[in-house]
Amino acid sequence: MTSGRSSIKYHIIQQGERLDETRKKILCPKLTRYKLLAIVFILVVTVFCIVISNSQLHFLRGNSVCLSGNSSNHKERLEHLPHTKRRLPQCIIIGARKAGTRALLSFLNIHPDIQAVGRELHFFDFDENYELGYDWYRKKMPYTYKTQLTIEKTPSYLVESVVPERVYAMNSSIKLILIVKDPVERTISDYAQFRENKIIRHKPVIPFENLVIDADTGDINRSYNAVRRSIYCRHLQKWLKYFSFDQIKIVDGDNLTRAPWKEIRKVESFLGISHEITKSDFVFNVSRGFYCIKNDDASEKCLSRSKGRKHPSIQPWIKNKLRAFFHQFNLKFYRLTGRDFGWDDSYYEDEEEEEKGQE
Ligand SMILES: Nc1ncnc2c1ncn2[C@@H]1O[C@H](COP(=O)(O)OS(=O)(=O)O)[C@@H](OP(=O)(O)O)[C@H]1O
């Protein structure tokens, strides 16, 4: 084989043949060796970075808080992170049951300055919990930065007489949120939950009419809990003995269902936090009939199936009787809050009677 570039390029090294230095340099130049070393180094660093970031992701996923369902929006727990600790809540959603307390808490939890407690803690209304003291309560709270608000919700706080005084003893300047909805619809929603629980347990279901109408008088049964819970003015008055009105934010649950971002904006103002939650954080789920949270990856996070359940059909005359019963209490509630919620403007039509009338 002759010498020259082409001959060296195609030179076949025979077994046992020793390359002289010049040939070595031409066949495996120094520059290429450095390049190879650099590539190997970059590869090692890349692999190292991937391993580290994967383990961190695993840590965050393993600790994520999920209020209901999966979400890429849900918050990682701040546990073990520097400058975080568990703090007693600076705000409590006190009720009303079935008025949209879970939706409100889940939506507020999108806010970076809020950490919500996932479970209902029943600290102030269950004596056995209250007796365990503030330390027990604090240990149930999520880790937060100093700048964040911790919010708990237990809807039965609204109606249990002992609660306002106990909350006041813990923090007299706490912020309270009361979410309410049309009391007739709330009463039916309360019954729908009771009914479903009976069906699941294969227990007999008492018809709504038997519970809500006093068999002796034919009037509304005031001692039926689902009715009692809808008399908002009575409960609010108990809270106003301890807290000033500007410490209590009243949220319209029907509005929260229709356009959550509008009610949330008012709550952000009340809490003194920046306006972060907007219409673009929500997506209307047609099959559920409710707004759900839009995740960062454009998927949806709806509340669990126990929210927005189908209500049993209730005869219009019963609903109208309830409407008339709540009227005086509603007016009192409007006066107390300085706001007309418009619950008394509608009347339930009996479709069958309507049709007969038209014939
Ligand atoms: N976005 C969204 N998704 C699902 N459900 C919604 C939503 N917004 C408000 N609601 C209404 O919330 C009602 C349940 O209220 P609560 O969460 O307060 O119930 S509970 O007291 O905690 O059991 C629930 O009542 P039901 O329809 O009777 O199930 C809903 O009407």
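Refer to the structure above for everything that follows.
Owing to the predicted nature of the structure, the values given are computational and were not obtained by experimental measurement.

Once that is clear, we can look at the packing of helix 8 (residues 183–200) against helix 14 (residues 316–337). The geometry of helix 8 relative to helix 14 is characterised by a closest axis approach of 9 Å and an angle of 120 degrees between their N-to-C directions. Comparing the axis directions of helix 8 and helix 14 gives the class oblique. Of the residues in helix 14, those in contact with Pro183, Val184, Thr187 and Ile188 of helix 8 are Lys319, Leu322, Arg323, Phe326 and Asn330. Tallied by class, residues from the contact of helix 8 with helix 14 come to five nonpolar, two polar and two charged.

Enumeration according to the criterion identifies 26 aromatic pairs in this entry. Every member of this aromatic cluster is reached through a ring pair, and the members are Phe123, Phe124, Tyr130, Tyr134, Trp136, Tyr137 and Tyr157. Across from the ring centre of Phe270, 5.4 Å away, lies the NZ or CZ of Lys175, which sits over that ring.

In any sheet, the strands associate via hydrogen bonds between backbone groups, in a parallel or an antiparallel arrangement. The strand order across the open sheet built from three strands is 8-9-10, with neighbouring strands paired in antiparallel fashion. Two strands lie at the open edges of the sheet, namely strand 8 (282–285) and strand 10 (300–301), each paired on one side alone.

Here the focus is the side chain of Asn129. Its location among the elements puts Asn129 in helix 5 (residues 127–130). For Asn129, a relative accessible area of 13% translates into the label buried. Residues contacting Asn129, with those up to four places away along its chain left out, are Leu121, His122, Phe123 and Trp136.

Moving on, we come to empty space enclosed by the protein. Summary: where empty space remains is shown by rolling a probe the size of a single water molecule over the atoms. Applying the stated criterion across every chain yields a total of two cavities of 30 Å³ or more. Contributing to the lining of the second largest cavity are Ala96, Arg97, Pro155, Leu158, Val159 and Arg229. In terms of residue class, the lining of the second largest cavity is made up of four nonpolar, no polar and two charged.

Next up on the list: the nonpolar core. Residues Leu104, Tyr137, Trp239 and Phe333 are the most contacted members of the largest nonpolar core, which totals 77 residues. Looking at this core, the element that brings in the most residues is helix 14, giving seven residues. When neighbours within four sequence positions are excluded, Phe333 is seen to be in contact with Leu178, Val180, Tyr232, Cys233, Leu236, Ile250, Phe341 and Trp343.

With that settled, the discussion passes to unusual backbone geometry. For residues besides glycine, phi is generally negative; the peptide bonds are generally trans as well. Residue Ala96 is bonded to the preceding Gly95 through a cis peptide linkage, with omega at 0 degrees. By secondary structure assignment, the location of Ala96 is in the loop between strand 2 (91–95) and helix 4 (101–108). At His83, a residue that is not glycine, the phi angle is positive and equals roughly 65 degrees. Inspection of the secondary structure assignment puts His83 in the loop between helix 3 (30–62) and strand 1 (85–86). Within the chain, His122 stands out as a residue other than glycine whose phi angle is a positive 50 degrees. For His122, the position within the fold is in the loop between strand 3 (114–116) and helix 5. For His122, a relative accessible area of 17% puts it in the buried group.

Judged by pairing direction, the sheet is parallel, and its five strands sit side by side in the order 3-5-2-6-7 without closing on themselves. Whereas interior strands pair on both sides, the edge strands pair on one side only; in this sheet they are strand 3 and strand 7 (248–252). Taking the axes of each pair of neighbouring strands and ignoring which way they run, one obtains an average angle of 25 degrees across the sheet. One ladder, built from three bridges, connects strand 3 with strand 5 (residues 149–153); its direction is parallel. From the neighbouring strand, Ala116 faces strand 5, where its bridge partner is Ile151. Lying over the sheet, helix 4 contacts strand 2, strand 3, strand 5, strand 6 (175–180) and strand 7, oriented at roughly 165 degrees with respect to strand 5.

What counts, and where the lines are drawn
- Residues numbered from 1 in each chain as written.
- Predicted model: local features only at pLDDT ≥ 70, side-chain atom pairs only at ≥ 80, totals over all residues.
- Heavy atoms only, no water.
- Axes fitted to C-alpha atoms, helices over the stretch in contact; angles between N-to-C directions.
- Helix = DSSP H or I, 4+ residues; strand = E, 2+ residues; numbered from the N terminus.
- Parallel < 35°, antiparallel > 145°, perpendicular 65-115°, else oblique.
- Contact = heavy atoms within 4.5 Å.
- Nonpolar A, V, L, I, M, F, W, Y, C, P; charged D, E, K, R; others polar.
- Phe/Tyr/Trp six-rings, centres within 6.5 Å; stacked < 30°, edge-to-face > 60°.
- Lys NZ or Arg CZ within 6 Å of the ring centre and 35° of its normal.
- Pairing = 2+ DSSP bridges.
- Buried < 20%, exposed > 50% of the residue type's maximum accessible area, 1.4 Å probe, protein only.
- 1 Å grid on protein atoms, 1.4 Å probe; cavity = no way out; pocket = protein on both sides within 12 Å on 5 of 7 lines; lining within 4 Å.
- Points joined across faces, edges and corners; volume = space filled by probe spheres on them.
- Core = buried A, V, L, I, M, F, W, Y, C linked by side-chain atoms within 4.5 Å.

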